[in-house]
Amino acid sequence: MVKTGKDKQAQAQGQKEAAIITGASSGIGLAVSKAIGAMGYEVFGVGRDFAGNPLWQQEGFHPVVCDVMDTEKLCASARQIAADYCVRILVNNAGVGYYGLHEELNPKKVKEMVRTNLEAPMVLTQQLLRQLKKHAGYIINIASVTAHGSNPHGCAYGATKAGLASFSRSLFDEARKYGVKVAAVYPDMAKTNLYRNADFREGDEPDAYLLPEEIAAAVTFILSQRDGMVISEVTVKPQIHRIKKRR
């Protein structure tokens, strides 16, 4: 990544560059944390439980035990990190999905998806945006291919991801003149625990699913472009589309 004048100024002031990543305790968030840490950033990973997480003892990784639906704690954590570090990267990755006929959901599940998938990214971005403007930073939202189409048996989940996609596009247009780069990543079926609440899972064939590390590679690709050039959207798909019913 090309260092900007603002980056050099922050380093001269003794501030370490940091990234904040939600949903960092497993899956895509864990892979993204490893990848960004390898780029030399201090990584603050937000998650509910880091027990057994291999990053726990890794130098430069700071676990932030917090449910993103706990808005007060989430905001307080973000403000503290921003006070001590030069926050240059925010990756809104935490997500939850419930699937099936919409009538078979309940208000608690709908609320959890809206708050986790859409409200938390909007709130956390709002808390950090001034600092990200100051340091010409990056906001990367992990959305989903469901943001682009109709989603029977996943109406509410798809709606939250479509909202996140709309937020990403509008925020980029709003903040681009300040040097902020906003990108959305749209993964298709991945081998993660996102589908733990579904009656289906990814297919068994390796070309029927994505690996978390492959989505992390899309994130580092966005971060590796020259200053002044932005990749605003990336869609990542496996070669074939195949799911398997759970028994």
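Everything quoted here is computed from the prediction, not taken from an experiment.

Novice: What exactly am I supposed to notice about the overall build of the protein chain here?
Specialist: Per the secondary structure count, the protein chain includes 6 helices and 9 strands. In terms of C-alpha radius of gyration, the protein chain reaches 18 Å, essentially the compact-globule figure of 18 Å for 247 residues. Principal-axis analysis of the C-alpha atoms gives the protein chain an extent of 60 × 35 × 35 Å. Counting only residues that meet the buried cut, the protein chain has 52% of its 247 residues in that class. Taking the intrachain contacts of the protein chain between residues at least 6 apart in sequence as the baseline, contacts between residues at least 24 apart amount to 68%. Here the protein chain displays about 12,000 Å² of accessible surface, and carbon together with sulfur accounts for 50% of that area.

Novice: Explain the sheet that holds strand S8 (residues 233-236) here, please?
Specialist: As a general point, the strands of a sheet are linked pairwise by backbone hydrogen bonds and lie either parallel or antiparallel. An order of S3-S2-S1-S4-S5-S6-S8 is seen for the 7 strands of this open sheet, with the pairing classed as parallel. What marks the edges here is a single partner per strand, and that holds for strand S3 (61-65) and S8. Recorded for the sheet is a direction-independent mean angle of 20° between the axes of neighbouring strands. Relative to strand S4 (residues 86-92), strand S1 (residues 17-22) runs parallel, the two being bridged by 5 bridges. Residue pairing for S4: glutamate 17 is matched across the bridge by cysteine 86.

Novice: Even after reading the chapter, I still don't get the pairing of S8, so can you show me in this structure?
Specialist: For a regular strand, side chains alternate in direction, first toward one face of the sheet and then toward the other. Burial along S8 is one-sided: Val234 and Val236 are buried, and none of Glu233 and Thr235, which face the opposite way, are. One ladder, built from 4 bridges, connects strand S6 (residues 181-187) with S8; its direction is parallel. Bridge pairing in S8 places proline 187 opposite valine 236.

Scoring rules and cut-offs
Residues numbered from 1 in each chain as written. Predicted model: local features only at pLDDT ≥ 70, side-chain atom pairs only at ≥ 80, totals over all residues. Heavy atoms only, no water. Helix = DSSP H or I, 4+ residues; strand = E, 2+ residues; numbered from the N terminus. Rg over C-alpha atoms; globule rule 2.2 N^0.38 Å. Buried < 20%, exposed > 50% of the residue type's maximum accessible area, 1.4 Å probe, protein only. Contact = heavy atoms within 4.5 Å. Areas by Shrake-Rupley, 256 points an atom, 1.4 Å probe, with all protein chains shown as cover. Pairing = 2+ DSSP bridges. Axes fitted to C-alpha atoms, helices over the stretch in contact; angles between N-to-C directions.

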